[in-house]
Amino acid sequence: MAAATLARRIGRSGVLPLCCRLPAWDRAARPPPGPAQPPGLPLAPCRSFSNNKIQVELDESSGVAMMKFKSPPVNSLSLEFLTEFSISLEKLENNKACRGVIITSALPKIFSSGLDITEMCGKSIEHYTEFWRAVQEMWLRLYGSNMVTVAAVNGSSPAGGCLVALSCDYRIMAENPKFSIGLNEAQLGIVAPFWFKDTFVNVVGHRIAERSLQLGSLHPAPEALKLGLVDELVPEEKLMEKAAAVMAQWLALPDHARQLTKTMMRKAVLDRLVAHREEDIKNFISFVSKESIQKSLRMYMEMLKKRKS
Ligand SMILES: CC/C=C\C/C=C\CCCC/C=C/C(=O)SCCNC(=O)CCNC(=O)[C@H](O)C(C)(C)COP(=O)(O)OP(=O)(O)OC[C@H]1O[C@@H](n2cnc3c(N)ncnc32)[C@H](O)[C@@H]1OP(=O)(O)O
């Protein structure tokens, strides 16, 4: 689907209507590009594209795309960012030449600061609906992607930023103990929804997830490795090289076998959100509309600003 058409269909809601496409986890496995492809079949024209928030470059010879978050100061996941993120994933997913994507940040020291807190403060019910749908859409696309997804975590990655990394197939983090990662929602006085929790449990197991979620822990990189929250630590200067090597290893397998296995592992969790999407939006709205929650979020933002001065 052309980017302009996609953007029009997404419209202000930030969401692709589900009727527009099959979810990635329900699609048939794609044949690998290259010799198996009928000669003369044009590849989708998306070698490199970028928008205000995200830059993507696809190397058609390897089938690997590099996606870089570039939304200063901290790559917060605003409605606009989430919309661009979903559009970028959709473009790659629909491009037969693309088999894998490495997700990283173009900013120093920050992978992503998580959901943009200002999107959850003092806004209308319509805005909360649109925002939360865009958060759901991003996760459904990323967690349900048929592509191999590798997170090259080159900075701190709290809450929604951690969810992005957790939703990938493999996480490599720069071994800087100043960088931390985790679902710290409880520290903000808010609660990670069930599908954040399910994604976390699927990576680290129930006990570690329960303790970490209740405490709202942000784990420095070495601790994140011990907990299995990330798969590997490497010196920062080796991060991209390592991500490319891991990607090559995963792409050495036949796509169909890997994709069907991924679907088998993730389907129940994806289906749970798909079945309860509207209810989840209602829960989000009633939760963030509470005066006590608004107060907690405002205090947290003030704390961030004070810490700076
Ligand atoms: C029952 C349940 C049912 C339904 C669900 C209910 C509830 C909803 C759940 C919602 C789930 C939420 C998920 C989230 O992702 S919440 C966001 C969590 N994020 C954080 O806690 C990170 C906060 N930020 C930081 O810790 C630091 O900023 C960071 C990332 C380590 C970078 O530090 P530093 O380089 O020093 O930069 P600054 O702190 O100076 O920040 C620069 C600038 O950016 C602003 N900012 C930072 N993070 C955010 C953010 N997430 N959203 C918006 N703005 C952010 C910061 O305030 C500074 O702004 P300024 O104007 O002062 O320059």
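This is a predicted model, so every value here is computed, not measured.

Read across the open sheet, the seven strands follow the order β1-β2-β3-β4-β6-β8-β11; overall the sheet is mixed. The open sheet has two free edges, formed respectively by β1 (48–50) and β11 (232–234), since each of these has just one partner strand. Each neighbouring strand pair of the sheet contributes to a mean axis angle of 20°, computed without reference to strand direction. Summarising the sheet, strand β8 (residues 170–174) and β11 pair through three bridges and their orientation is parallel. Bridge assignment links Ala174 to a residue of β11, and that residue is Val234. Lying on the sheet, helix α8 (residues 239–251) is in contact with β3 (64–69), β4 (100–105), β6 (148–153), β8 and β11; it crosses β6 at an angle near 165°.

To continue, consider the site of the ligand. Around the ligand, the structure places 29 residues, and the nearest of them are Ser113, Gly114, Leu115, Ala159 and Gly160. Going through the elements one at a time, β7 (155–158), α10 (277–288) and α11 (291–308) are the ones with two or more residues in the shell around the ligand. Tallied by class, the residues present in the shell around the ligand amount to 17 nonpolar, eight polar and four charged.

In this model, Pro72 is joined to Pro73 through a cis peptide bond whose omega is 5°. Within the element layout of this structure, Pro73 appears in the loop between β3 and α2 (79–93). Its identity as a non-glycine residue notwithstanding, Lys109 has a phi of 75°, on the positive side. Residue placement: Lys109 occurs in strand β5 (residues 109–110). Of note in this structure, Ala159 is not a glycine but carries a positive phi near 45°. Within the secondary structure, Ala159 is located in the loop between β7 and α4 (160–166). For Ala159, a count of 25 C-beta atoms within 10 Å translates into the label buried.

What counts and how
Residues numbered from 1 in each chain as written. Predicted model: local features only at pLDDT ≥ 70, side-chain atom pairs only at ≥ 80, totals over all residues. Pairing = 2+ DSSP bridges. Helix = DSSP H or I, 4+ residues; strand = E, 2+ residues; numbered from the N terminus. Axes fitted to C-alpha atoms, helices over the stretch in contact; angles between N-to-C directions. Contact = placed C-beta atoms within 7 Å. Near = placed C-beta within 6 Å. Nonpolar A, V, L, I, M, F, W, Y, C, P; charged D, E, K, R; others polar. Buried ≥ 20, exposed ≤ 12 C-beta atoms within 10 Å, placed from the backbone.

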